[in-house]
Amino acid sequence: MTHHPIRTVLISGASVAGPSLAFWLSRYGFQPTIVERARQLREGGYAVDFRGTSMEALRRMELLDAVKAEATNMGDMYYVDRHDREVATMPAAAFSGELEIMRGDLARILYDATEAGTEYIFGDSIAELTELDAGVEVRFESGMRRSFDLVIGADGLHSNVRTLAFGPEEQFVRDLGLYASIFTVPNRLNLDYSGRLFSAPGTIAGVYSARQNREARALMFFDGDFGDYDYRDFGAQKQFVRQRFAGQGWYVPQILADMEFAPDFYFDTISQVVIERWSRGRVALLGDAAHCASPLSGMGTGMAVVGAYILAHELNASRDDHQVAFTNYQRKLQPFVDASQTLAHKAVGGFVPKGNFGIWMRNLMMKLLPLMPADMVLKEAYAAANAISI
Ligand SMILES: Cc1cc2nc3c(=O)[nH]c(=O)nc-3n(C[C@H](O)[C@H](O)[C@H](O)COP(=O)(O)OP(=O)(O)OC[C@H]3O[C@@H](n4cnc5c(N)ncnc54)[C@H](O)[C@@H]3O)c2cc1C
């Protein structure tokens, strides 16, 4: 089959994966357009981190210094008991990677680096994709219709492009049996580049400082069964969080009270995405949409940036044949994805123990951590983070 060379690429999602891809596509002379459902760039959010190969990807984008300038510089976090006494330390290296930044700050840096060479459309979403011989016809929710040579879904765990091109998400999204809720709260504990975590059977409530200690983020991880939930129904989600943490000690009642006023309440299942082929015809998936490993891997952001680099590189190398480019992209990235997903699977049980014995064991492990050589502790994490070279 002969194809005309690829020129225009529509990307859904302006978080990490989408703008990273646009960055390289415009460098290679393609014309990227990004459509983002949110009305403006989504700021705030939680901390994400880079380690291993993803650091090299940032360096090649010449953005490493910009990201470092906005780094969270978080120190160690502590597990505490109900009286706020420290029972174990979680070393910064274990959860902040080599470089940690708030997701919103990263999205802003990527936007600034791509704005000149990328067409951004905010407050819209793809409503329909029709693949034709020579391209994809796209109808947007706003009613606009346009054609592109390729469409890339970089729209996260609940990817819209994936649903449109591959079918309902139930086939691809696998819950790991935990929920996460994250939101901004006042820094009431006066945390100084640090955080505190409180465990009860099946739950973890925590707070860590953010924005140079000016505010804090609460994070709640918990098991339970919310049933078939609407991931946009904040009222029902907050009710579920309140119910799951009812009657707990420490600062949990205060966190729940602050949750009501949080400007950026986030709630979701902790899930992975597994899909055999990340592309179909002229549509391909990138980042969490293709292979979310869950926040427990600490690798999602790194995979998004590395994946974007590889996908753009392959498209440039096979300008006349997107099938070849898509196939090579997945073949190269898959081992990296597999390593990260395996890492997250292993982390689930130990992270939110189901009973008091499990909590005790976890605390004991954490107490022993500082006695072990750092590279031994982080061996698996670094092996996964370096499971690809670019
Ligand atoms: C609580 C939490 C903590 C995390 N911690 C870490 C960590 O410590 N380290 C780490 O590496 N990773 C972490 N991650 C994972 C990381 O955030 C993701 O892996 C990374 O952001 C993937 O980026 P993405 O661009 O693929 O998707 P996302 O960041 O999910 O972005 C998707 C974008 O698509 C947009 N969108 C959605 N639907 C549509 C639509 N219909 N049309 C247009 N746009 C749409 C969204 O608004 C969003 O901007 C964490 C994730 C969560 C949820």
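Numbers given for residues are sequential positions, taken from 1 along each chain in its written order. Under the rules for a predicted model, residues below a pLDDT of 70 receive no local features and side-chain atom pairs below 80 are neither given nor counted, while totals for whole chains, interfaces and linings still include all residues. Side-chain numbers come from the whole structure's heavy atoms, not from hydrogens or water.

## Quick notes on the nonpolar core
The criterion, for reference: Take the buried residues of types Ala, Val, Leu, Ile, Met, Phe, Trp, Tyr and Cys, join any two whose side-chain atoms come within 4.5 Å, and each joined set is a nonpolar core. A simple rule labels every residue: compare its accessible area, found with a 1.4 Å probe on the protein chains alone, to the largest value its type can have, and call it buried under 20%, exposed over 50%, or partly exposed in between. Helix and strand definitions here come from DSSP, where helices need a minimum of 4 consecutive H or I residues and strands a minimum of 2 consecutive E residues; each element is numbered from the N-terminal end.
Within the largest apolar cluster, 81 residues are counted, with the highest numbers of intra-cluster contacts made by I11, L21, F50, I152, L286, L315 and L333. A per-element tally of this core places helix α10 (residues 300-317) first, with 10 residues.

## Concerning the site of the ligand
Put simply, the rule reads: Near, as used in this document, describes a residue that has one of its heavy atoms within 4 Å of the molecule or strand being considered. We call two N or O atoms a polar contact when they sit within 3.5 Å, provided that within protein one can donate a hydrogen and the other can accept it, with sequence-adjacent residues counted only if both atoms are side-chain atoms. Every accessible area reported is derived by Shrake-Rupley at a probe size of 1.4 Å, with residue values counting cover from the shown protein chains alone. Note on residue categories: nonpolar means Ala, Val, Leu, Ile, Met, Phe, Trp, Tyr, Cys or Pro, charged means Asp, Glu, Lys or Arg, and polar means any other residue, Gly included.
Of all residues adjacent to the ligand, which total 28 residues, the nearest are S15, A17, E36, Y266 and D288. The backbone of D49 places a nitrogen or oxygen atom 3.2 Å from a nitrogen atom of the ligand. Within the backbone of G300, one N or O atom sits 3.3 Å away from an oxygen atom of the ligand. Within the complex, 91% of the 990 Å² of free accessible area of the ligand lies under protein. Listed by contribution, the elements that provide at least two residues to the shell around the ligand are β2 (31-36), β3 (47-50) and α10. Sort the elements by how many residues they give to the shell around the ligand and β3 lands first, with three residues. When its residues are assigned to classes, the shell around the ligand shows 12 nonpolar, 10 polar and six charged.

## Considering the UniProt feature "domain: FAD-binding" (unreviewed entry) in the protein
Here is the rule: UniProt positions are given in the numbering used here, feature names are shortened, and annotations may be inferred rather than shown by experiment.
Mapped onto this numbering, the UniProt entry gives "domain: FAD-binding" (unreviewed entry) at residues 8-163 and 270-317. Its end C-alpha atoms 36 Å apart, residues 270-317 is made of 46% helix and 19% strand.

## Let's talk about the side chain of T33
Rules: Contacts between residues were defined by any pair of non-hydrogen atoms, one from each residue, lying within 4.5 Å.
Checked against the element boundaries, T33 lands in strand β2. At a separation of 2.8 Å, a polar atom in the side chain of T33 contacts the side chain of E119. The contacts of T33, once residues within four sequence positions are left out, are V9, L10, I11, E119, I121, R146 and F148.

## Things to note about unusual backbone geometry
Positive phi is not limited to glycine here, since Q212 has a value of about 50°. By the element assignment, Q212 lies in the loop between β14 (203-210) and β15 (215-222). Taking relative accessible area as the criterion, Q212 reaches 47% and is therefore assigned partly exposed. Notably, N213 is not glycine yet its phi reads approximately 70°, a positive angle.

## Observations regarding empty space enclosed by the protein
Filter applied, for reference: Space inside and on the surface of the protein is sampled on a 1 Å grid over the protein atoms alone, with a cavity defined as a set of points where a 1.4 Å probe fits but cannot get out and a pocket as an open set with protein on both sides within 12 Å along at least 5 of 7 lines; lining residues have an atom within 4 Å of a point. Grid points are joined across faces, edges and corners, and a volume is the space filled by probe spheres set on the points.
Scanning all chains against the criterion turns up two cavities of 30 Å³ or more. In terms of lining residues, the largest cavity is bounded by V185, P186, N187, R188, L189, V207, A216, Y251, Q254, I255 and D258. Of the residues forming the lining of the largest cavity, the biggest block, three residues, is contributed by helix α8 (residues 252-259). When its volume is computed, the second largest cavity comes out at roughly 30 Å³.

## Description of the sheet that holds strand β8 (residues 126-132)
Stated formally: The rule for pairing is simple: two strands pair if DSSP sees at least two bridges between them. Throughout, an axis means a line fitted to C-alpha atoms (over the contacting stretch in the case of helices), and angles, computed between N-to-C directions, take values from 0 to 180 degrees.
Spatially, three strands are ordered β8-β9-β10 in an open sheet, and the strand pairing comes out antiparallel. Strands with a single pairing partner mark the edges of an open sheet, and in this sheet they are β8 and β10 (145-148). Strand-to-strand twist of the sheet, defined as the mean angle between neighbouring strand axes without regard to direction, takes the value 25°.

## Concerning a nonpolar patch on the surface
Using the following cut-off: Residues enter a patch when their relative accessible area is above 30% and they make no salt bridge; the linking distance is 9 Å between like charges and 5 Å between nonpolar side chains (Val, Leu, Ile, Met, Phe, Trp, Tyr). In the sections that follow, a salt bridge refers to a side-chain nitrogen of Lys or Arg positioned within 4 Å of a carboxyl oxygen of Asp or Glu.
On the surface, a cluster of nonpolar side chains totalling about 430 Å² of accessible area is made up of F357, W360, M361 and L364. Tracing the sequence through the fold places M361 in helix α12 (residues 356-368).

## Thoughts on helix α7 (residues 234-245)
Threshold: Here a helix's expected span is defined as the number of its residues, less one, multiplied by 1.5 Å. Each direction from the helix axis to a C-beta atom contributes to the arc, which is the arc of those directions.
In a regular helix each residue adds 1.5 Å, so 12 residues correspond to 16 Å; α7 covers 17 Å between its end C-alpha atoms and thus fits that length. For α7, the set of buried residues is Q237, K238, F240, V241 and F245. Along the axis of α7, the buried residues cluster in a sector spanning 155°; they form a single face.

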